[in-house]
Amino acid sequence: MVHFYTETISGHVRRICGNGDVCMYLVEGSDRALLIDTGYGVGDLRGYVEGLLDGKPYDVVITHGHIDHAAGAAQFESCRMSPLDIEIYEEFCSLERRRAKVDSCGHPDFKDVVPEDFAGVDASVMRPLADGDVFDLGDVTVEMIAVPGHTPGMMVPLVVEEGIAIFGDACGVGTLIMLPHSTTVERYRESLLRLKEHEGRYAIVLRQHGTCASTKRVLEDNLELCDLVLAGKDAAEPAEHNGAPCLRAAKTDPATGRRVDGREGNLLYLADRIR
Ligand SMILES: [Zn+2]
């Protein structure tokens, strides 16, 4: 059994927690709602969301195909996600991987989980999602901004009227660009420049891990680090993620994991995937 709960972010946005180290977001307008991400696919997320919405119609978008964002998709009749991430969804969201992840993470949210709590895997529920797609929810709209980097199909939803950008895994305090399916640093830099074009449209940056929030500065920090990496002038601090070696662009304090210079954004990459 999984117990979901919400935190109110704004007049239209709620954060859904209770699924371990990741959160989801629910944007509710006067006519419709939009669920952003589906967590690990553990627990009855669909039942919980429909209880919150009390009959209001809704759509589901998935920011990218990773296990902690897309794995609940099969609970829903249809979800929208970039086709570029379908293979990632099929590979990473298998029942086997999710059981292993939930067992090994030891997160208190999952302490009473039973096999029946796991949603299945079904790529046939996925419908395409593209840059610029807009969800008109009545008195609020959500627009998709493609930010390839962490994954090729990565999307940043922008809650237009409330000036909220949900960066998710696209850009953060330790953006992971060293995964097998991540883009090069050079390509990621182009994505960030495109995201920066929207900078005047949001004041609030939300993420889905850790503190689940950042300052707008996090984008500038990641962009600056891309420039430094491309110039061979970053810290290139040896690091690892899930046991795989990689490099961290800005130097961090091992005790806190934070940048020693007090800045916010950081970037993990591979030396042979810069260009
Ligand atoms: Zn991810």
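Right above here is the structure, for reference.
Presented here is an overview of the structure given in this document. This is a predicted model, so every value here is computed, not measured. (Residues numbered from 1 in each chain as written. Predicted model: local features only at pLDDT ≥ 70, side-chain atom pairs only at ≥ 80, totals over all residues. Heavy atoms only, no water.)

Description of helix H1 (residues 45-53)
- The complete set of buried residues in H1 reads Leu 45, Val 49 and Leu 53. The buried side chains of H1 occupy one side of the element, clustering within an arc of 65 degrees when seen end-on.
- For H1, the secondary structure elements touched by its buried residues are strand E2 (13-17), strand E3 (24-28), strand E4 (33-36) and strand E5 (58-61).
- Downstream of H1 by a residue or two, Asp 54 has a phi angle that is positive, lying close to 50 degrees. (Buried < 20%, exposed > 50% of the residue type's maximum accessible area, 1.4 Å probe, protein only. Helix = DSSP H or I, 4+ residues; strand = E, 2+ residues; numbered from the N terminus. Arc of directions from axis to C-beta. Contact = heavy atoms within 4.5 Å.)

Looking at the pattern of salt bridges
- For the structure shown, the criterion picks out 20 salt bridges.
- For the salt bridge of Arg 97 with Glu 91, the shortest nitrogen-to-oxygen distance reads 3.6 Å.
- We classify Arg 97 as partly exposed; its relative accessible area is 37%.
- The class of Glu 91 is partly exposed, set by a relative accessible area of 46%.
- Note that Asp 112 and Lys 111 form a salt bridge whose closest N and O atoms lie 3.6 Å from each other.
- Judged by relative accessible area, Lys 111 falls into the exposed class, the value being 65%.
- Several salt bridges converge on common partners, so that one network encompasses Arg 217, Asp 221, Glu 224 and Arg 263. (Salt bridge = Lys/Arg side-chain N within 4 Å of Asp/Glu carboxyl O.)

A look at unusual backbone geometry
- For Asp 54, which is not glycine, the phi dihedral falls at a positive 50 degrees.
- Counting through the fold element by element, Asp 54 comes out in the loop between H1 and E5.
- For Asp 54, a relative accessible area of 70% gives the class exposed.
- A positive phi angle is found at Ala 236, which is not glycine, with a value near 45 degrees.
- Structurally, Ala 236 can be placed in the loop between helix H6 (217-230) and strand E15 (237-241).
- In this structure Ala 236 comes out as partly exposed when scored by relative accessible area, which is 28%.

Comments concerning the layout of surface pockets
- There is about 1,000 Å³ of room inside the largest pocket.
- Taken together, 34 residues line the largest pocket, and the ones lying closest to its centre are Asp 68, His 150, Leu 176, His 241 and Asn 242.
- Secondary-structure elements contributing two or more residues to the lining of the largest pocket are helix H2 (67-70), helix H4 (95-105), strand E12 (175-176) and strand E16 (244-248).
- By residue number, the principal contributor to the lining of the largest pocket is E16, which donates three residues.
- Considered as a void within the structure, the second largest pocket measures approximately 260 Å³ in volume.
- Taken together, Val 173, Arg 207, Gly 210, Thr 211, Thr 256, Gly 257, Arg 258, Arg 259, Gly 262, Arg 263, Glu 264 and Asn 266 form the lining of the second largest pocket.
- Grouping the constituent residues of the lining of the second largest pocket by class yields one nonpolar, six polar and five charged. (1 Å grid on protein atoms, 1.4 Å probe; cavity = no way out; pocket = protein on both sides within 12 Å on 5 of 7 lines; lining within 4 Å. Points joined across faces, edges and corners; volume = space filled by probe spheres on them. Nonpolar A, V, L, I, M, F, W, Y, C, P; charged D, E, K, R; others polar.)

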